[in-house]
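Fold and geometry: a report
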Amino acid sequence: VLANLAIHEQPGLVCNYLTQLCHKAAGAEWFRVQHMGGPWTEWRRYEEVSSWQAEYGRAVLVQYHAQGSSSYIVGDCVLPGGERCYARYHPEMFLRTDDNDWGMKDEGRMALVDHFTWGVNMSFSNFVRAKFAPFPNWKKSYGVMSSRDVYFSLPSYDENHHQPDPIHDGSEAVRQYMLQKGFWSEQTSIASGSGAAQPLWLSSLCKPDVPSPANRSDLGWQCHYFSGPQDKDWCQVIGEDEDYIYKANNRSQYMGDCGSCDCCRRPKFQQRSEESDMNRTCCILFNDLFLNYTVTSDASKCRAVQIAPAPPEPQSGSLWIALGMGIFWAMLPCAVAIKGVLQKRSKSVISMQLAPEEVHVTIRKTSSLVDQNTQSCTSLSCAPTACAAPIAESAEPRMDHAVCIFKPHRVLFASLEHVIEHEGGREKAIAGGLGKVAGLMCRYHPGSLICVTACMPDKDYSFASYVGQVRAIVSGQALSCDVFRYEAFGQASDDSVDGEGPPDVTYYIIDHPIFRERDDIYPAPQTRRRTLEFYSLWCQAVARLIEQTQPDAYHCPDFHAAMAVMYIEEPLPVIVVLHNAEYQGAISTQNMGKHEAKHFGDIFNLPPERIIQETFIEGKFCMLKPVVDFAREHQEGYGICAVSRNY
């Protein structure tokens, strides 16, 4: 490795069945290691073979230090079966340009074509700005450093105060230097990961040329130093010449880069030649180890090259280790599958054993769900046959395929529509039947009730007491919601049901400017980002209150808080009641894919994979789907009801 600086991938570096690193850097004094995307280890003394637990498909990079230099880096990557994969610094790479709306229209995904080298073919008809990004978001990006003039101070005896011709600095200056020395071709340039890096330029020229004179990569105002008869008056009347536009410095922020100079100039934006007006496909290559990139008209350069195989000689280790590893990897999938089944069964809130004419029901959370003193029960399946009597765990009732659980002690009900009766009057937000049901539940619910709602604009909730905050992340921003609580204790009355008074109801009212800014109970349209941010904040807030209050069951009316189940860690019984099955919180303006999943994932603070799996159905985004899938997974499909058989 030290004898050939061009070597940056080493077949056999990962050896002994992914448990060791076999180095070939004789003369190195120190080395350090990293898994692709992970941190570097501390520097340690060089040794021929070192311990390291590699992973299939994940590149390993090793950096060596020798004779005062750390410029020696090699990588290796191994797949199951002994085949090799490309070594790389980043797990993925994207090319964002003006043409693909910086990743909004097309993500611009690049493919590995060689070790540390990403490639993609793109067509251009004019100059466009671009950046390389190793993540779907803008957490990190690579562009170019703007050109600047570097001057050296002249002695103070220079009465003319004239400056010599400047030395250029920046990515374009480096490219010109490498071209003059013959180290690079005219298709190659260098990128920078600095936070001050600017977009690079791509065009149908299929070269990294920039559309400004003198190979300048910036188009902003720069200081112009006078020469000969030039002065302030000259600057005001010259206007422009063949290459530059001149203007007196007005000291505005717009001319901030001009500094304190009296005269500023900026390059004219001009095409290089008529050739740049042609539509042409170019191959763009980016090396994520050295950050150099190449733009060429040879599309074949973006084809993947063959990977050198691992060395044929046997690697260190023993036959017994190989046999043990083989048995381990053979049994691992079975063990993972068994563990998944057991976890799924342990998380299920209802377990059933079906006999020809009866159903034996065991409730997981017996201590909290079963009320031994009550004679009523609730059918989660909404089957026509009602439950006749309470059933202990050992009882075996006969039913016509109806599944029952006992009345839970505390139920959390989350609804944007609400009716809150308090000592000073009543606050209500009703749009239809759900609002009426919300009011009736607070009067006749068989047990303690936790009602969660959100503040409406122009409503007075001063009767409730501030109890704290819940936090959520919406569109990448951390938000804090104020939480207010009001407790209404039930009392027996003459018109009570079954001699019981109204239930004890605890209201939790969530307040945030996003909730206060809506014009109606349900913000619209659902395709608007601000509407989706509203539901993201609402569902996350409901999930936080579920975790804090620990109810025995969650009553979810319609789709508005259905995605709350995606944020809770410990499953609990869920009752879904559809008041209008036509409203499912669905967006079907187009066929949804990975790009849209990233968009929704950013808003709802969820991985795109979960968005696709749990909210996409038949190419559309559906907010009701997560709670339906939750009932299927944890409740054998029971717990979903509707107020009408038509639904």
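Residues numbered from 1 in each chain as written. Predicted model: local features only at pLDDT ≥ 70, side-chain atom pairs only at ≥ 80, totals over all residues. Heavy atoms only, no water.

Structural notes on the packing of helix α8 (residues 594-604) against helix α9 (residues 608-615)
Counted only if it meets this: An axis is simply a line fitted to the C-alpha atoms; with a helix, the fit covers only the stretch in contact. Between two such axes, the angle follows the N-to-C directions and lies from 0 to 180 degrees. What counts as a helix is a DSSP run of H or I of at least four residues, what counts as a strand is a run of E of at least two, and both are numbered from the N terminus. Here the angle decides the label: under 35 degrees means roughly parallel, over 145 means roughly antiparallel, 65 to 115 means roughly perpendicular, and every other value means oblique. The contact definition used throughout considers only heavy atoms, calling two residues in contact when any of these lie within 4.5 Å. Classes in brief: Ala, Val, Leu, Ile, Met, Phe, Trp, Tyr, Cys and Pro nonpolar; Asp, Glu, Lys and Arg charged; the others, Gly included, polar.
Taken N-terminus to C-terminus, the directions of α8 and α9 make an angle of 105°; their axes are 8 Å apart at the nearest point. Judged by the inter-axis angle, α8 sits roughly perpendicular to α9. Residues Lys594, Ala597, Lys598, Phe600 and Gly601 of α8 form the contact with α9, whose participating residues are Pro608, Ile611 and Ile612. Looking at the contact of α8 with α9 residue by residue, the class counts come to 5 nonpolar, 1 polar and 2 charged.

What about the packing of aromatic side chains?
Note on aromatic pairs: each is described by the distance of the centres and the angle between the planes. Rule in force here: Two rings from Phe, Tyr or Trp (for Trp, the six-membered ring) form a pair when their centres sit within 6.5 Å of each other. Planes less than 30 degrees apart are called stacked, planes more than 60 degrees apart edge-to-face, and all others tilted. The cut-offs for exposure are 20% and 50% of the maximum accessible area for each residue type, with area from a 1.4 Å probe on protein chains only; residues under the lower value are buried, those over the upper are exposed, and the others partly exposed.
Counted under the stated rule, the structure contains 20 aromatic pairs. Between tyrosine 535 and phenylalanine 559, the ring centres sit 5.7 Å apart and the planes meet at 55°, which makes this aromatic pair tilted. With a gap of 24 residues between them, tyrosine 535 in helix α7 (residues 529-549) and phenylalanine 559 in the loop between β32 (553-557) and β33 (574-578) connect regions that are remote in the sequence. Its relative accessible area of 1% is what places tyrosine 535 among the buried residues. Taking 6.4 Å as the distance between ring centres and 90° as the angle between the ring planes, the aromatic pair formed by phenylalanine 616 and phenylalanine 621 counts as edge-to-face. Judged on exposure class, the residue phenylalanine 616 and its partner phenylalanine 621 are both buried.

Structural notes on the nonpolar core
It is characteristic of soluble globular proteins that their nonpolar side chains tend to be buried jointly. Just so we agree on the cut-off: Here, nonpolar core means buried Ala, Val, Leu, Ile, Met, Phe, Trp, Tyr and Cys residues that are tied together by side-chain atoms lying within 4.5 Å of each other.
Counting residues in hydrophobic clusters, the biggest one holds 82 residues, and the most contacted among them are Val452, Trp538, Val542, Tyr554, Phe604, Phe621 and Val627. With 11 residues, the top contributor of residues to this core is α7. Setting aside anything within four residues of it in sequence, one finds phenylalanine 621 in contact with Leu532, Met563, Gly585, Ala586, Ile587, Met592, Phe600, Phe604, Thr615 and Phe616. Of all hydrophobic cores here, the second largest spans 24 residues; its members include Met93, Leu112, Met122 and Val128.

Digging into the sheet that holds strand β30 (residues 477-488)
Counted only if it meets this: Any two strands are treated as partners once DSSP identifies two or more bridges connecting them.
The strand order across the open sheet formed by 8 strands is β29-β30-β31-β28-β25-β32-β33-β37, and the pairing between neighbours is mixed. Of all strands in the sheet, those with a lone pairing partner are β29 (465-474) and β37 (640-642), marking the two edges. The average undirected angle you get between the axes of adjacent strands in this sheet is 25°. Where strand β25 (residues 410-414) lies against strand β28 (residues 448-454), 5 bridges are found, and the strand directions are parallel. Paired with phenylalanine 413 across the strands is cysteine 451, a residue of β28.

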